[in-house]
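Observations on the model geometry
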Amino acid sequence: MPAIPPRLYLHKNNRSSNAPLHPIYCYKLNYTKLLYSAIFLFFTISAFATHNRAGEIIFKQIGDLRIRATIVTYTKASSIDADRDTLILYWGDGTFDKIGRNNGGGKGVIIGPDIKYNIYTFEHTYPSRGTYTMSMTDPNRDAGILNVNPPNSENIPFYIETTFTFLNSTFQGYNNAPTLLQPPIDIGCIGQVFVHNPNAFDIDGDSLVYEKIVPMMSVGTPVPNYVYPDQIVAGTNNILTLNSQSGDMIWNAPRKAGEYNIAIRIKEYRQGILISSTVRDMQIIIENCNNRPPNIETIDDVCVVVGQTLQFDVKADDPDGASQQLKLSALGGPFSIEGNKAVFNAPDNYVTPPVSATFTWAPDCNAISNSSYSVIFKAQDNQMDSIGLADLKTVRIKVIGPGPENLTGESSLNSIILKWDQPYLCEVTRNNYFKGFNIWRRVSSNSFQPDTCNPSLEGKGYTKIAFNQKSFDGEKFTYTDTLVERGKAYCYRVEAEFALTSPGGFPYNKVQSLPSNEICVLLNLDVPLITKASILSTGTNDSVLIHWIKPRISDFDTLMHPGPYKYILKWNEGLQPNNFIEIPEAQFTTQHFLDPVDTSFIHTNLNTRDTIFTYQVDFYAGNTTVPYGSSTPASTVYLHVAGSDKKTILTWSESVPWSNNSFTIYRKNAQGIFDSITTTHARKYEDTGLENGKEYCYKIKTSGSYGISGLPNPITNFSQEACAVPIDTVPPCAPILTINNDCNNAASNTSIINKLSWNNPDENCGTPGDTKGYRVYVIFKTGIDPLLIYETDNPDNLTFEYANEEFGLAGCYYVVAIDSVFNESPKSNVVCMENCPDYRLPSAFSPNNDGHNDVFTPYPYRFVTRVDFKVFNRWGNIIFETSDPDLNWKGVNKSGNNVPDGTYFYSCEVYEAIYIDQGITKPRRLTGYIELIR
C-alpha cells in the first residue's frame, strides 16, 4: 500500500485526545485556486446538467474529403438551464468545432409534450482518406437512471459517436450515413409491451444491420455498472430483443417504473464491407400507469415491381376501447425519397378507435434497390392528455425492376440473335441509374421460376455472357451470341441492371431487375442429338436403352458432305466427358443421308446398381476416320437411397443436355412390382412412416425436354433400382436447459446448489416417444473435457440438483437427450453459472481473552480463494497482514505484541472465485476501520 499522507484527527467529547480516531487525509492547498475551482465546478455542473432523451450523429459526404455532419438531439424542453444553443463536435482527426443549433430559428422545435428536437449542422474537410470517429459529449446524464451506474447516473457523460470510412470515391462512390427517421419519444407502462425502431433510411441503398450495445461515456469506454433494461427485475416476463434486420426493438415487458438508457448501433455495409456505424443513445421512460398500448393490423413484408401500385390498409384499435382516442401515422423511406413518394391518408388528429387508413405507393425506376424500404406505422393513444402508449408496426418494402419483355431468338449459320421490346419501362432514369441489359445463358431449358422478391439469376444454372448491353436495331433491343456450338440447345434470359455512379463514372450498388421470359434456340442440328439414356434392368442382365435423332436435313449440307454416313455409339463409366469407348454392336452405316437407319440401342452386361454410364454418338460423313461432329454427352440417372429412422432418403443425379423438371418415385410393393408413390419437382425425397429393419427398393423416372419445338417432349428416363433399410440414426432434438439457485437470497452460511431443469424435446419436435433418457455435462475449465455428472434412462426425469465440492456453483452446463439406440442429441443451450461470493468484515472486536469476540474474523463467507489483508496504525505503518481469508487477527502486531485500544485502518483485497476458470479471480477491494476495545 502506498504511504498514507499526513492526517488530522477529529476527537469526540467522550473520547481521549490521545486515542487514534478516524483519519482525515490532508494536503497542502492553494486556497485561492481552490475557491475559483469550486466556483467554476459549480457553474460548470449547473450549466451542463442535461436532460438529453436521445441523440445521434449523421453525415452526408459532399466532396472527396468533405462531409456535412449533423448532431441530432431530443431534449427535455422544460430544462431551460440545460438547453444548448451550441455543441462541440469532435471530428476524429484531432480537431473540433463549436456548432450552433440550426433549426427553429436556432431555438429547436417542440415535437411533443416537453420534447424538443434539435439539429446542429456543420461542414468539415478531412486531411486524407481513412476511417474517422465523430463524437459529441454532454457532461452529465439524468439523475436516477436505473440501469446506468445506479444511483449516480448524473455523473456519467452522455456520449454519441459515428464512425465512417472515406471510400475511394472514384470507384466506390460517396458514403452517406443512414438517417434515423423515427423519433425516440414514446413512453411505456409497467407490464405492457414497449416498441421502438430507429427507422434507418440509407439514400445509397446500402445494407443496414442493427445491434444492441452498451451506452458509452467516451471513445471506447462503456458507461460503468450498466445492465440491459430487462435485467431490472429480470424474468421470463421481462425480455428485450432487437431484430438485427428490421430494427424492431421489443421490450416485453418492463417491470419497474423509472428511466432507462439503451444504445443501438446501426451498421452500414456496402458489398459486404462495413463503411459506417451510427450510435443512437436514448432514454426509455417507464411509468406506473393503468393503460394498454394500441395494436396495429396490416400486411407483413412485401415486394412491388415498378409499374405496379402498392396499396394496402392499416388498421389500429385500442384494447381500452373508446375511452381514449388514437392517432395513426407513418414514417419511412418511401416518404423521403426523390421522385414518386408514398401517401398515407390517415387523419392528422386523434380520433375515436378503430382507425383505418390506406398506404399507397407507385415507386418509380429510381426507387429500385437491393435493400428494402422500411415504413413504420405508429398508433398512439392519448391516455395522458396529448401523449400515451404507442404500438409500432414495421413493413419492409422491396422495389424490383421490371423484366424486359417479349424476348425472342433465332439461329443463323454460326450465331443466335436475341431481340426484346424497346422502349423498356425503366430505360430513362435520373443520374444514369439504368446501366443496360445483362444476357444470361444456359445449355438446355430450365424449370426455374423467378422469385419476385429475389430475382437474381445468380446460382440458377445460367451463366452471364454479356453486360450492360444497349444495342438497338431501330425496332428492338438486340444481342448476337456468336460463342455457340452446333447441335446444342441454348436457353436465354435478359435482365436490366441499375447502379449508382461514382464521381469517376464507375457503377456501385448494382441492382438487377426481374428476368425476362426464357427463350431456347437450337443452332443448326447437323449432328446427332441424344434423347434417352434409360436403365431397363438392375441386378440381372443390367441394361440401358439409348435413343438419338439424326441431324436435320435442313441443317446438313449433303452436297458438301456426301456419304456414306456412319453413326457410332460410345460410352464410358462415370461422368467423364472424354475417353469414350466404341460399342462394336452399335455402329450403323447408310449410303444416303435419307436412308433409314437405326437410332436406338440396348447396351447390356452392365452393372447399373453401382455405376453411372455416359453416352455419346459420333457422326461420320464420307470415308474418313475423323467424325464430322458428335452429340452432346448424356448420362443415365443414378439413384442413391439412405436409410434413416423410419424413413428412407432418396437423392439422384444425371448429366444430360436437356432439362429434367419432374421426377416420379417408384417403390417396390409386396408383390415385387414398382408402384409410383409420388411425383416431385425437387431432387430429394423422404419416404416416411416406414418400418425400421425392413428393406425398401426404389427407382426414379425423370421427365424433361430440350424446350424447343419439334424435338421429342417429354423426354423420360428411368434410374437403376436402389434399396435401403431404415434404421434409427437420427438423434432426438436438443432439450432446453434452465438453471436457478438461491445465490442472491441465501445467507452466507447456507448451502447453495444449482437447480437444473429441462424439457422433453419430443414435445417440440413432433417425435413422441423418441427420447428415452438424458445426460447432463459440466465444463469446469476451458480446455478440459466435459464431465458427465448425471444420467437417467427415464424420459420423465427433468430435474437435477448439483454443486461441486471444489468449484462450487461455477461451471458451464448442458444436457443431451438419448434415444433407444443411444443416439445422443445435439447439445442443449449451454448455461454458464457463476459463484456468488460474499465476504464482509465486522467493525470492532475485543481481544481480552474472555472467550467472546477475541479474534477479528470475517462474517461467514463463501467462494473466496484468498485475501490481501493489511492493518495500519496512525502513522500508516503495517502492523498486521495475512492472505488467509479467515484473517484471525488477535490484536497483535507483527512481533506478536498487543497493540493499544483504538481505531485502525484496514485494506483488504478479496480474490473471489467467480468464473469457471478458477485461476481467473476477480479482486475486490474493501477498506474501513476496526475498533479495537479490550
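Before going into details, it helps to say that this report is about the structure given with it. (Residues numbered from 1 in each chain as written. Predicted model: local features only at pLDDT ≥ 70, side-chain atom pairs only at ≥ 80, totals over all residues. Heavy atoms only, no water.)

For the rest of this paragraph, the subject is the overall build of the chain. Within the chain one finds three helices and 65 strands. Scaling as 2.2 N^0.38, a compact globule of 934 residues should have a C-alpha radius of gyration of about 30 Å, whereas the chain reaches 39 Å, well beyond that. Projected onto its principal axes, the C-alpha positions of the chain cover 135 × 75 × 60 Å. Within the chain, the fraction of its 934 residues that count as buried is 49%. Per element, the accessible surface of the chain, about 43600 Å² overall, is 50% carbon and sulfur. (Helix = DSSP H or I, 4+ residues; strand = E, 2+ residues; numbered from the N terminus. Rg over C-alpha atoms; globule rule 2.2 N^0.38 Å. Buried < 20%, exposed > 50% of the residue type's maximum accessible area, 1.4 Å probe, protein only. Areas by Shrake-Rupley, 256 points an atom, 1.4 Å probe, with all protein chains shown as cover.)

Another point: the state of the cysteines. Using the criterion set out here, one finds seven disulfides in the structure. In this model, cysteine 189 is linked to cysteine 289 through a disulfide, with the two sulfur atoms separated by 1.5 Å. Taking the torsion about the sulfur-sulfur bond, which here is approximately -115 degrees, the covalent link between cysteine 189 and cysteine 289 counts as left-handed. Of this pair, cysteine 189 sits in strand 12 (residues 187-189) while cysteine 289 sits in the loop between strand 21 (273-287) and strand 22 (295-297); the two residues are 100 residues apart in sequence, bridging distant segments of the chain. Like cysteine 289, cysteine 189 is buried. Disulfide pairing is shown between cysteine 365 and cysteine 426; the S-S distance is 2.0 Å. (Disulfide = S-S within 2.5 Å.)

Let's shift gears to the packing of aromatic side chains. Taken as a whole and judged by the stated rule, the model has 58 aromatic pairs. Taken together, a centroid distance of 5.6 Å and an interplanar angle of 75 degrees make the contact between tyrosine 126 and phenylalanine 164 edge-to-face. Of this pair, tyrosine 126 sits in the loop between strand 8 (115-125) and strand 9 (131-138) while phenylalanine 164 sits in strand 10 (residues 158-165), placing them 38 residues apart in sequence. Assessed through its relative accessible area of 1%, phenylalanine 164 is described here as buried. Between tryptophan 548 and phenylalanine 588, the aromatic rings sit 6.0 Å apart at their centres with planes inclined by 40 degrees, giving tilted as the arrangement. With tryptophan 548 in strand 39 (residues 542-549) and phenylalanine 588 in strand 41 (residues 581-590), the pair connects residues that are 40 residues apart, well separated along the chain. When sorted by exposure, tryptophan 548 lands in the same class as phenylalanine 588, which is buried. (Phe/Tyr/Trp six-rings, centres within 6.5 Å; stacked < 30°, edge-to-face > 60°.)

This paragraph deals with a nonpolar patch on the surface. A cluster of nonpolar side chains, namely Ile88, Tyr90 and Phe96, defines an oily patch on the protein surface of about 290 Å² accessible area. On the secondary structure map, tyrosine 90 appears in strand 5 (residues 86-90). (Patch = residues over 30% accessible without salt bridge, like charges linked within 9 Å, V, L, I, M, F, W, Y side chains within 5 Å. Salt bridge = Lys/Arg side-chain N within 4 Å of Asp/Glu carboxyl O.)

Pairing in this open sheet of three strands is antiparallel, and the strands run 46-47-50 from one edge to the other. Two strands in the sheet have a free side with no partner beyond their single neighbour: strand 46 (638-644) and strand 50 (684-688). If you compare each strand with its neighbour and ignore which way they point, the axes differ by 20 degrees on average. As judged from the seven bridges shared by strand 46 and strand 47 (residues 647-653), these two strands associate in the antiparallel manner. Following the sheet pairing, leucine 639 is matched in strand 47 by tryptophan 652. (Pairing = 2+ DSSP bridges. Axes fitted to C-alpha atoms, helices over the stretch in contact; angles between N-to-C directions.)

This next bit is on unusual backbone geometry. A cis amide bond, omega 5 degrees, links asparagine 252 with the succeeding residue alanine 253. The residue asparagine 199 is not glycine, and still its phi comes out positive at about 55 degrees. Inspection of the secondary structure assignment puts asparagine 199 in the loop between strand 13 (194-196) and strand 14 (200-201). Positive phi is not limited to glycine here, since glutamine 271 has a value of about 55 degrees. For glutamine 271, the position within the fold is in the loop between strand 20 (258-270) and strand 21. Using a relative accessible area of 66% as the deciding quantity, one classes glutamine 271 as exposed.

Quick look at the side chain of threonine 664 now. Considering the arrangement of structural elements, one finds threonine 664 in strand 48 (residues 659-668). Threonine 664 gets classed as buried once you look at its relative accessible area, which sits at 12%. A distance of 3.3 Å separates polar atoms of two side chains, one belonging to threonine 664 and the other to threonine 679. Those residues in contact with threonine 664 that lie beyond four places of it in its chain are Ser676, Thr678, Thr679, Lys699, Ile700 and Lys701. (Polar contact = N/O pair within 3.5 Å; in protein donor to acceptor, adjacent residues only side chain to side chain. Contact = heavy atoms within 4.5 Å.)

With that settled, the discussion passes to the nonpolar core. By size, the foremost hydrophobic cluster in this structure holds 51 residues, and its most contacted members are Leu328, Phe344, Phe359, Trp361, Ile368, Phe377 and Trp420. Considering each element in turn, this core owes the most residues, five residues, to strand 35 (residues 489-501). Residues within four places of phenylalanine 359 in sequence aside, it is in contact with Leu310, Gln311, Phe312, Pro334, Phe335, Ala342, Val343, Phe344, Val375, Phe377 and Ile397. One finds Leu525, Ala621, Tyr706 and Leu711 within the second-largest nonpolar core, a separate group that totals 35 residues. (Core = buried A, V, L, I, M, F, W, Y, C linked by side-chain atoms within 4.5 Å.)

Moving on to the pattern of salt bridges. Within this structure, the stated rule accounts for 32 salt bridges. Lysine 378 is the salt-bridge partner of aspartate 186, the closest N and O atoms lying 2.7 Å from each other. With aspartate 186 in the loop between strand 11 (179-180) and strand 12 and lysine 378 in strand 28 (residues 373-381), this residue pair connects regions lying 192 residues apart in the sequence. Of the two residues examined, aspartate 186 and lysine 378, each falls in the buried class. Residue aspartate 206 pairs with arginine 270 through a salt bridge whose shortest N-O separation is 2.9 Å. Placement of the pair is aspartate 206 in the loop between strand 14 and strand 15 (207-213) and arginine 270 in strand 20, with a sequence separation of 64 residues. For aspartate 206, a relative accessible area of 3% translates into the label buried.

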